[in-house]
Amino acid sequence: MVKARETLIPKPVEPAQSLPEPPPAAASVFGISKRFGKTSILENISFDVAEGEVLVLLGASGSGKTTILRIISGLEMPYTGKVILHGKDVTELPARERGVGVIFQSYALFPKMTVEKNIGYGLRIRKRKRKEIKQTVNDLLALVQLEEHRKKYPSQLSGGQQQRVAIARTLAYKPEVLLFDEPFGALDTQTRVHLRREIRALLRKVNVPSIFITHDQEEALELGDRVAVLNQGHLEQIGTPNEIYNHPATEYVATFLGAANILEATVRNGGLEVGAAHLTAVLDHEKFKNGDCVKIVFRPEDVVLSKNDFIRPGASKIGVARIEEVSFVGAYERVRLRLDRGLDECRTEESPYYLTTETPESGSTKAIIGTRPKPDAAATKLQIGDRVSVAITSFTVLPSSKR
């Protein structure tokens, strides 16, 4: 009743507030291309990194991410394009004059120098005063939480501690931008997870624009304020981890960044037809016309299964399926299903991408993967051969090459 009453009383109009302006770019690349002979490595790559922002370049081996890092650091020259750091065009400058700090996977620490001497090395070769070096080293040791290890040598430190020393050494000379070349690749899984959280917290303190390169999807999602997905030298999509995971712009992004299910559908009467099912969808009518073949992309966690026809609110039924496999995967249960073929299917000739450990048979677009949290799995047991209703809670619509 209170809610209904409130709707009858007009609220005073508040003055419109202007949206805050985005922070200025601290590092930018514009139209970067790179070729080795006749082989194109990068094609027209452009992006900005704001002050204090962490951008992760994510891609498979050979996607061009390391070449971008080398171009920004000055170790490679672009075929076309520019590199801008804090408003200054540094494209033609040598690496030593760019003020770029690079943290390599191997750390590259001096084995016969203590931790404090490793950190202060860059300041000593720049002829800084002894008092300034001492103060800077002390500040950085506190920042990376290695005060009690200052007199140790690299061989006496763990991999994670060596990584922190390498970062402190790079921060000592106040770089314009930090570049991380797969910095956690040499560490075991548990150390990687712990260290990347530490590094993320550390970067928030120092407020230096940072660019990571990795092929690890989980690492990209956890580290990045934004993630740029690269595919064979092309920038497929750039956005927040939430945007690229839940709203992929291309089929490659959808399948590279975690497991994804892809089904063909037809635009019909303002919605989508998937076999015999009709899904309500808000579509861009300039992009999707009535009768067009499209693809819907949804994650395994978006799949809802039911042994009866009950579909919970907020989910849309896409059909009936037979269970082919049930796997216990720790925190959840993974279920592989095969949907019944519907009528009037909209099929494409191209093979879909899949990136799951249970890759469906080649050419089949009707095998899907769903996951169920422990409470759901415990409440309703599923077995191979069971028939279930399949619904999805959210999906993304992508254009198909077939019209």
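Residues numbered from 1 in each chain as written. Predicted model: local features only at pLDDT ≥ 70, side-chain atom pairs only at ≥ 80, totals over all residues. Heavy atoms only, no water.

### So, the pairing of strand E2 (residues 39-50)
1) Next: For strand E1 (residues 25-36) and E2, the ladder comprises eight bridges, and the chain directions are antiparallel. Each bridged residue has a counterpart across the sheet, and for Ala25 the counterpart in E2 is Ala50. (Pairing = 2+ DSSP bridges. Helix = DSSP H or I, 4+ residues; strand = E, 2+ residues; numbered from the N terminus.)

### Re the packing of helix H3 (residues 115-125) against helix H4 (residues 130-143)
1) Next: Direction vectors running N to C along H3 and H4 enclose 130°, while the axes themselves pass 9 Å from each other. Classified by the angle their axes make, H3 and H4 are oblique. As for how H3 packs across H4, the hand of that crossing is right-handed. Residues Val115, Glu116, Ile119, Gly120, Leu123 and Arg124 of H3 pack against Ile133, Thr136, Val137, Leu140 and Leu141 of H4. (Axes fitted to C-alpha atoms, helices over the stretch in contact; angles between N-to-C directions. Parallel < 35°, antiparallel > 145°, perpendicular 65-115°, else oblique. Left-handed = near helix turned anticlockwise from the far one by under 90°. Contact = heavy atoms within 4.5 Å.)

### Re the nonpolar core
1) Next: Core analysis: the largest hydrophobic core is formed by 42 residues, its most contacted members being Ile119, Phe180, Ile199 and Phe212.
2) Next: In terms of residue count, the dominant contributor to this core is helix H5 (residues 159-171) (five residues).
3) Next: Discounting chain neighbours no more than four positions away, the residues touching Ile119 are Val137, Leu140, Leu141, Val165, Ala168, Arg169 and Ala172. (Core = buried A, V, L, I, M, F, W, Y, C linked by side-chain atoms within 4.5 Å. Buried < 20%, exposed > 50% of the residue type's maximum accessible area, 1.4 Å probe, protein only.)

### So, the side chain of Glu53
1) Next: If you trace the backbone, Glu53 turns up in the loop between E2 and strand E3 (54-59).
2) Next: Of the polar contacts made by the side chain of Glu53, one reaches the backbone nitrogen of Ala50; its length is 2.8 Å.
3) Next: Here Arg226 takes part through its side chain, which lies 2.5 Å from a polar atom of the side chain of Glu53.
4) Next: Here Glu53 is in contact with Asp48, Val208, Pro209, Ser210, Asp225 and Arg226, once residues within four sequence places are set aside. (Polar contact = N/O pair within 3.5 Å; in protein donor to acceptor, adjacent residues only side chain to side chain.)

### Here we look at the packing of aromatic side chains
1) Next: Inspection of every chain in the model, using the stated rule, returns three aromatic pairs.
2) Next: Seen in terms of ring centroids, Phe180 and Phe212 are 4.0 Å apart; in terms of plane orientation they differ by 5°. Their pairing is stacked. Remark: Phe212 occurs in strand E8 (residues 210-214) and Phe180 occurs in strand E7 (residues 177-181); sequence separation between them is 32 residues.
3) Next: Residue classification places Phe212 among the buried residues on the basis of a relative accessible area of 1%. (Phe/Tyr/Trp six-rings, centres within 6.5 Å; stacked < 30°, edge-to-face > 60°.)

### A look at H3
1) Next: Turning to H3, its buried residues are Val115, Glu116, Asn118, Ile119, Gly120, Gly122 and Leu123.
2) Next: Of the surrounding secondary structure, the elements contacted by the buried residues of H3 are H4 and H5.

### Considerations on the environment of Asn138
1) Next: Inspection of the secondary structure assignment puts Asn138 in helix H4.
2) Next: Judged by its relative accessible area of 24%, Asn138 falls in the partly exposed class.
3) Next: Measuring from C-alpha to C-alpha, the distance between Asn138 and Ile119 comes to 9.6 Å, with 19 residues separating the pair along the chain.

### Some points on the confidence of the model for the chain
Reading fine detail from the predicted coordinates is not recommended where pLDDT is low.
1) Next: Of the residues in the chain, 87% have a pLDDT of 70 or more, and the chain-wide mean is 84.
2) Next: Confidence, read as mean pLDDT per element, is least for helix H1 (residues 2-8) in the chain (40) and greatest for strand E9 (residues 226-231) (96).
3) Next: Low confidence marks residues 1-12, where pLDDT is under 50. Its contacts with residues over four positions away, or in another chain, come to zero contacts.
4) Next: A low-confidence stretch, residues 348-365 stays under pLDDT 50, and its non-local contacts, those more than four residues away or across chains, total 45 contacts. (pLDDT = per-residue confidence, 0-100.)

### Notes on the packing of H3 against H5
1) Next: At a closest axis distance of 7 Å, the pairing of H3 and H5 adopts a crossing angle of 30°. Comparing their axes, H5 and H3 come out roughly parallel. Where H3 crosses over H5, the two elements pack in a sense that is right-handed. Where H3 approaches H5, its residues Val115, Asn118 and Ile119 are matched on the opposing element by Val165, Ala168 and Arg169.
2) Next: Taken together, the residues of the contact of H3 with H5 break down into four nonpolar, one polar and one charged. (Nonpolar A, V, L, I, M, F, W, Y, C, P; charged D, E, K, R; others polar.)

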